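Chain residues, written in single-letter form:
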Amino acid sequence: AIEQIASGLAGRIGFAAQEIGGDKVIAFNGDQTFSMASTYKVAIATTVLDRVDRGELRLDQLVEVPPDMYVTGVGALAETFPHRGIQLSVANLIEVMITESDNTATDVCMGLAGGAAAVTKNLRRLGITDFRVDRTTREILMDFYDLPAVTPEAIAEAIRNNPALVPAQVDPNPDFEADPRDHATPLAMLQLLLAIDGGKAMSPESREFLVGVLSRTRSGPGRLKGLLPRGTPVAHKTGTAGGIANDVGYITLPDGRRFAIAVFTNSSKTSESDRERAIAEIARTMFDYFYLAPVAKQ
C-alpha cells in the first residue's frame, strides 16, 4: 500500500518502523543503503552524549566556535555571527545541530565526539553495522558541490560565478549518492533510534535531553508531521541535499504509545513538496497501522 501511495512522489524510497516495546518491524527497502544527509547528526549527538555519560564532557561546558570552522547553512551560526567570539555550551551545540540543522555546530560536535571514526565506532559498540559516518558537514558539502570551501562567502561567490549551483541544491546528484560514505539502511537507523530510547545508547538523563531536543526540530514540518493529526508529538531529525529528503524520529500515538520511524528518499527528480508528501504518507500509514492494530486484535 505504501509503495502505491508513495510511487511517483519521490525517487528511491526506504523506511523502517517499530512500536516502542513491540517486536514487529515494518519495512520497505529496509536493508538498502541511502545517503543520510543531516539525519546522521543523530549519531553524532549520540556519541557526544556517550562521552557526557562517561564524564569526559559536561553539557554546561563552554566550547569555542572559531570562524575557521564556519560552514554555510540556513539561518546558520556562520551567517548570524560573522565575528570572532562565539562560545556555546555542549548542550546548546547539540540543540542547534538538531533543531536548526546547523552545520557549524555539527562539525564542532563531531570534534567533541572524537571525529567521524569515533562516531562509527560508537555505532558498532551498539551492534549497529549498516551505518557509517565518514565526513564532516564541511567535507560533505564540498564533495556535493565540488567546491574548495563552503563558508557563506565562498558559497555566495561560487553562485555568482556559476548560477547553476542554485538548482543543484534540489536536483539529484548521482555521483554523490553513489559514494558509500555517510550511508545507512533504514533498519540501521531504526536500530539507533531504539537504542537511544531503550537506554542502550545512553543514560536515562541523556535520553531525556536528546529526545527533548528532537521534539524542538523546526525543519521539515511537511515530512513526518505533514499528515498527522494536529498536535501529534513528533521528535525528529530531517536531512536534505539535492535529490535527498529524509526524516527520522519518534511519533506518539493518541493513546500515549510511541513508535520509531526512519524514512529515506534518494534520487528524487520530483518537487520538494512531493518528496515531503511521500514521507508524510508513509508516516501517516504507519500511524494508522500502529494505532488501529491493537483495536483490530480485540
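This report concerns the structure included in the present document. (Residues numbered from 1 in each chain as written. Predicted model: local features only at pLDDT ≥ 70, side-chain atom pairs only at ≥ 80, totals over all residues. Heavy atoms only, no water.)

### Some details on the packing of helix α4 (residues 90-99) against helix α12 (residues 204-214)
Heads up, the rule is: To obtain an axis, a line is fitted to C-alpha atoms, over the contacting stretch when the element is a helix, and the angle between two such axes runs from 0 to 180 degrees between their N-to-C directions. Each helix is a run of H or I in the DSSP string that is no shorter than four residues. Each strand is a run of E no shorter than two, and both are numbered from the N terminus. Here roughly perpendicular refers to angles of 65 to 115 degrees, roughly parallel to angles under 35, roughly antiparallel to angles over 145, and oblique to all remaining angles. In a left-handed crossing the near helix is turned counterclockwise from the far helix by less than a right angle, and in a right-handed crossing that turn is clockwise. By definition, residues are in contact when any of their heavy atoms lie within 4.5 Å.
Interaxial distance between α4 and α12 falls to 9 Å at its minimum, and their mutual angle equals 40°. Here α12 runs oblique to α4, going by the angle between their axes. As α4 packs across α12, the resulting crossing turns out to be right-handed. Packed against α4, whose contacting residues are A91, I94, E95, I98 and T99, the element α12 presents F209, V213 and L214 at the interface.

### A look at helix α8 (residues 152-161)
As a reminder, the rule being used: For every residue, the accessible area (1.4 Å probe, protein chains only) is compared with the maximum for its type, and the residue is labelled buried under 20%, exposed over 50%, or partly exposed between those bounds. This arc is taken over the directions from the axis of the helix to the C-beta atoms.
The set of residues buried in α8 consists of P152, A154, I155 and A158. Down the axis of α8, the sector holding all buried residues measures 165°, keeping them to one side. Facing away from the buried side of α8 by more than 90 degrees, the exposed set consists of E153, R160 and N161. In this fold, the buried residues of α8 make contact with α3 (77-80) and α9 (165-168).

### Describing the environment of A91
Tracing the backbone through its elements, the reader meets A91 in helix α4. Spatially, the C-alpha atoms of A91 and G30 are 32 Å apart, while their sequence positions differ by 61 residues. For A91, the contacting residues outside a window of four places in its chain are L59 and F209.

### Considerations on the nonpolar core
Our working definition: Nonpolar cores are built from buried Ala, Val, Leu, Ile, Met, Phe, Trp, Tyr and Cys residues. Side-chain atoms within 4.5 Å join them into one set.
With 73 residues, the main nonpolar core has L93, I94, F131, V133, M189 and L192 as its most contacted residues. Ignoring anything within four residues of it in the chain, the contact list for L93 reads V63, V65, L88, A105, V108, C109 and L112. Residues L228, F259, A278 and M286 belong to the second largest nonpolar core, which totals 23 residues.

### A few points about the pattern of salt bridges
Stated formally: We define a salt bridge as a contact between a side-chain nitrogen of Lys or Arg and a carboxyl oxygen of Asp or Glu at a distance within 4 Å.
Counting across every chain of the model gives 19 salt bridges. Close ionic contact of D50 with R125 constitutes a salt bridge, the shortest N to O distance being 3.4 Å. Here R125 lies in helix α6 (residues 116-125) and D50 lies in helix α2 (residues 41-53), a separation of 75 residues in the sequence. On the basis of relative accessibility, which here comes to 11%, the residue D50 falls in the buried class. Accessibility expressed as a relative area gives 39% for R125, which makes it partly exposed. The salt bridge involving R181 is made with D143; its shortest N-O contact spans 3.2 Å. One end of the pair, R181, is in the loop between α10 (174-178) and β6 (183-184); the other, D143, is in helix α7 (residues 137-145), and 38 residues separate them in sequence.

### Section: unusual backbone geometry
Positive phi, normally seen in glycine, also occurs at A37, with a value near 50°. Summarising the element assignment, A37 is placed in the loop between β3 (34-35) and α2. Positive phi, close to 55°, is recorded for D182, a residue that is not glycine. The residue D182 is located in the loop between α10 and β6 in this model.

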